[in-house]
Amino acid sequence: MIKQTLQDAINSQINKEFFSEYYYLSMAAYFESEDLPGFANFFKVQVEEERFHAMKFFDYLNERGGKVNLTGIDTPKTDFESPLQVFELAYKHEQYVTESVNGLMDIAIKENDHALKSFLQWFIDEQVEEEATMSKYVNQLKRLNGNGHGIMMLDRELAQRSFVPPVK
Ligand code: MG
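Throughout, a residue's number is its position along its own chain's written sequence, starting from 1. Reporting in this predicted model follows two pLDDT cut-offs: at least 70 for local features of residues, and 80 or more for side-chain atom pairs to be given and counted; totals over whole chains, interfaces and linings ignore these cut-offs and use all residues. Note that water and hydrogens are dropped before the side-chain values are worked out from all heavy atoms of the structure.

## Comments concerning the side chain of N11
Inference 1: As for its placement among the helices and strands, N11 is situated in helix α1 (residues 4-33).
Inference 2: By the criterion applied in these results, polar contacts are pairs of N or O atoms within 3.5 Å in which, for protein atoms, one can donate a hydrogen and the other can accept it, and in which residues neighboring in sequence qualify only through two side-chain atoms. For N11, the side chain forms a polar contact with the main-chain oxygen of K67, separated by 3.1 Å. The numbering of helices and of strands both runs from the N terminus, where a helix is a DSSP run of H or I of at least 4 residues and a strand a run of E of at least 2.

## Concerning helix α3 (residues 83-110)
Inference 1: The span expected for a helix works out to 1.5 Å for each residue beyond the first. Here α3 is 28 residues long and its end C-alpha atoms lie 41 Å apart, about the 40 Å a rise of 1.5 Å per residue gives.
Inference 2: Once α3 finishes, N112 follows within two positions and takes phi at roughly 55°, a positive value.

## Examining helix α2 (residues 37-63)
Inference 1: Between its first and last C-alpha atoms α2 spans 39 Å; for 27 residues at 1.5 Å apiece the expected length is 39 Å, and the two agree.
Inference 2: Just downstream of α2 lies G65, where phi reads positive at about 80°.

## What about the nonpolar core?
Among soluble globular proteins, nonpolar side chains are generally buried collectively.
Inference 1: Grouped together as the largest cluster of nonpolar side chains are 25 residues, with contacts concentrated most on M27, F31, F39, F43 and F87.
Inference 2: Of all the elements in the fold, those that place two or more residues in this core are α1, α2, α3, α4 (114-144) and α5 (148-158).
Inference 3: Counting residues per element, this core draws most heavily on α1, which supplies seven residues.
Inference 4: When near neighbours in sequence (up to four residues on either side) are disregarded, F31 contacts L36, F39, A40, F43, P83 and V86.
Inference 5: Grouped together as the second largest cluster of nonpolar side chains are 20 residues, F18, Y60, L104 and A108 included. Only buried residues count toward a nonpolar core. Its members are Ala, Val, Leu, Ile, Met, Phe, Trp, Tyr and Cys residues joined through side-chain atoms within 4.5 Å. Burial classes follow relative accessibility: with a 1.4 Å probe on protein chains only, a residue under 20% of its type's maximum area counts as buried, one over 50% as exposed, and anything between as partly exposed. Residue contacts are defined here by distance: any two heavy atoms, one from each residue, within 4.5 Å place the two residues in contact.

Structure below.
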């Protein structure tokens, strides 16, 4: 059985992962409306990753004898100015999620829950990757400085991304 404080913290994280899913879906909608299908694809794949994260916490909490309590998901931002702005916001959001996962780990350490610490390590590592991916495209888009040809090239590259469920 998992402690109540940890159950509450995991439930809060589940909500954040579902919000991430919704936020990135809103970004995908923006790119669809801008006729940038590759960028839209990138964020649709990100949506699947966030669903995977949410369900990983969902399954884990159940496995530990806890109870998942779903709560309302905030309305995401829907108006964006440019591909660069979207990636800057996505990068900022991943930094926020990293802080949240670190906070969860702090609680797990404080509560001496070794099983949870082990489980969370996957997310700690995953966040390094998530931040690196977003940061990479922020830098590439800054370099392109709105260049139309460059944006189209990047759109073609981002069209290649596909969701591969991580090995558990
Ligand atoms: Mg996530």
